[in-house]
Amino acid sequence: MVSRRPLGRPFGLLWTAYAVSAYGSGLGFGALPLIAVLALHASPAEVSALSAVGPAVGALIALPLAPWVEFRRKRPVMITMDLTRFAAMATIPVAYAFDRLGFVQLLTVSAVVAAAKIAFNSASGAYLKALVPPDDLLVANARFESTNWSSIAVGPPLGGAAIGLFGPVVTVVADAFSYLLSALCITAIRSREEAPVTAGRSPARSGALLDGWRHIMGHSGLRALYLNQVLVAGLIMATEPLLAVLLLRQLGFPPWQYALAFAAPCFGGLIGSRLARRVVARYGRERVFRTVGTLRAVWLIGLVFVRPGVVGLVTVIAVELAIIVNMSLYSPVLATYRLEQTPQHLVARTLSAWSIGQQASIAVLTALAGLLADATGPRTALAVAGLLILATPLLLPRRDRTGSPHETELSRSPS
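Here goes a summary of the coordinates provided. (Residues numbered from 1 in each chain as written. Predicted model: local features only at pLDDT ≥ 70, side-chain atom pairs only at ≥ 80, totals over all residues. Heavy atoms only, no water.)

## Quick notes on helix α9 (residues 220–250)
And then number 1: For α9, built from 31 residues, the straight-helix expectation of 45 Å at 1.5 Å per residue is met to within 8% by its first-to-last C-alpha distance of 44 Å.
And then number 2: Along α9, the largest kink reaches about 30 degrees and is centred on Pro241.
And then number 3: Immediately beyond the C-terminal end of α9, within one or two residues, lies Gly252, with a positive phi of roughly 70 degrees. (Helix = DSSP H or I, 4+ residues; strand = E, 2+ residues; numbered from the N terminus. Expected span 1.5 Å × (residues − 1). Bend = angle between axes of the 7 residues up to and from the residue.)

Written out as structure tokens, the structure is:
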């Protein structure tokens, strides 16, 4: 069983830090747009900007942070990013209490939190690679994946109930303090961390900003998986606002059914993540990438056929469940492969480049899907997204091109 494999106290503390912040973010899921609507009476355009522009700006901020993260010890970086997110989120309830909360502040907080999240995740990935033996990386990533999906399943319904009882900023307070608790857990890790080896390179040089993308695009396996991932993630996330309009406005689903349609399938993430190690051991990583990577993409078109009533609710849950089971099986395998194929001196920049590209894809495709939905209706836009994602498996590696000796040698040489 994946859950019984011991990985040591330092990993346990890192996992606890991840779990605390994940559940805090689950409670605060969608809190900023909700505050914009309930407290600031924001327009639909402003709410869309908050959901898309804030994270996109955060990705731009994170770009110059990547070399800074790479050439520093990762534990202090993670603590700094947690405290940054705590401070940014804490400004919202303070401003709300003094009746000074504004839309620009929400947009700024959204961007800062998005940038800090990218920097934290890149530092965390590099730290994990140094902390956990190579044979245990898949187990560790599967645990993170399982925690992520359980937090999404449990957090938003509880957060919605808390907002109904205590007001719009209560989940923001919980989210803010989750980052503080995460920082305390990481501080408690006592294992010694070696200083990064810079080999005389300066993190300030302009080329350092692009080294992550150079590594990804110069590695045939990573390049194919990266292009596939940014499109799959962007197209899946682009359907969320479309589905909200379709279910709540056009089909008349009550809010609790809408919440259930997204929360219940997330328990499928526990299934996929727990299967990852055994599936890889039995069938091999290459087959997982091709088969499960394809299965992630074939279900989205099913959302086009959603109808009112119980049948429609079951349709949404079934489609989302199928997507999430496959995503949660695929993601830890991808995360492990990415770490294995990236030398230690490039991990933070590679993970930052990956996250920035994925976030940019989500922002662009969400905006385009919204424009298409305005012109043709949400069901048509869902159909286009569902058809486009069917082509993404063509980007998956057709054979095992995951790290030839020549590529590995190139990736290890100083850039």
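Next comes the rest of the description.
## Structural notes on the pattern of salt bridges
And then number 1: Across all of its chains, the model carries six salt bridges by this definition.
And then number 2: Across the pair Arg285 and Glu340 runs a salt bridge, and its minimum N-O distance is 2.4 Å. Of this pair, Arg285 sits in helix α12 (residues 285–295) while Glu340 sits in helix α13 (residues 309–340), and the two are 55 residues apart along the sequence.
And then number 3: A relative accessible area of 24% means that Arg285 is categorised as partly exposed. (Salt bridge = Lys/Arg side-chain N within 4 Å of Asp/Glu carboxyl O. Buried < 20%, exposed > 50% of the residue type's maximum accessible area, 1.4 Å probe, protein only.)

## Quick look at the packing of aromatic side chains
And then number 1: Under the defined criterion, the tally for this structure stands at seven aromatic pairs.
And then number 2: A centroid spacing of 4.9 Å and a plane angle of 55 degrees characterise the contact between Tyr18 and Phe144, whose relative ring orientation is tilted. Placement of Tyr18 in helix α1 (residues 9–27) and of Phe144 in helix α6 (residues 137–166) is noted, with a sequence separation of 126 residues between them.
And then number 3: Aromatic rings pair up to connect Phe11, Trp15, Tyr18 and Phe144 into one cluster.
And then number 4: Between Arg85 and the ring centre of Phe120, over which it is positioned, the NZ or CZ distance is 4.8 Å.
And then number 5: A cation over a ring is seen here: Arg338 above Trp354, with NZ or CZ 4.8 Å from the ring centre. (Phe/Tyr/Trp six-rings, centres within 6.5 Å; stacked < 30°, edge-to-face > 60°. Lys NZ or Arg CZ within 6 Å of the ring centre and 35° of its normal.)

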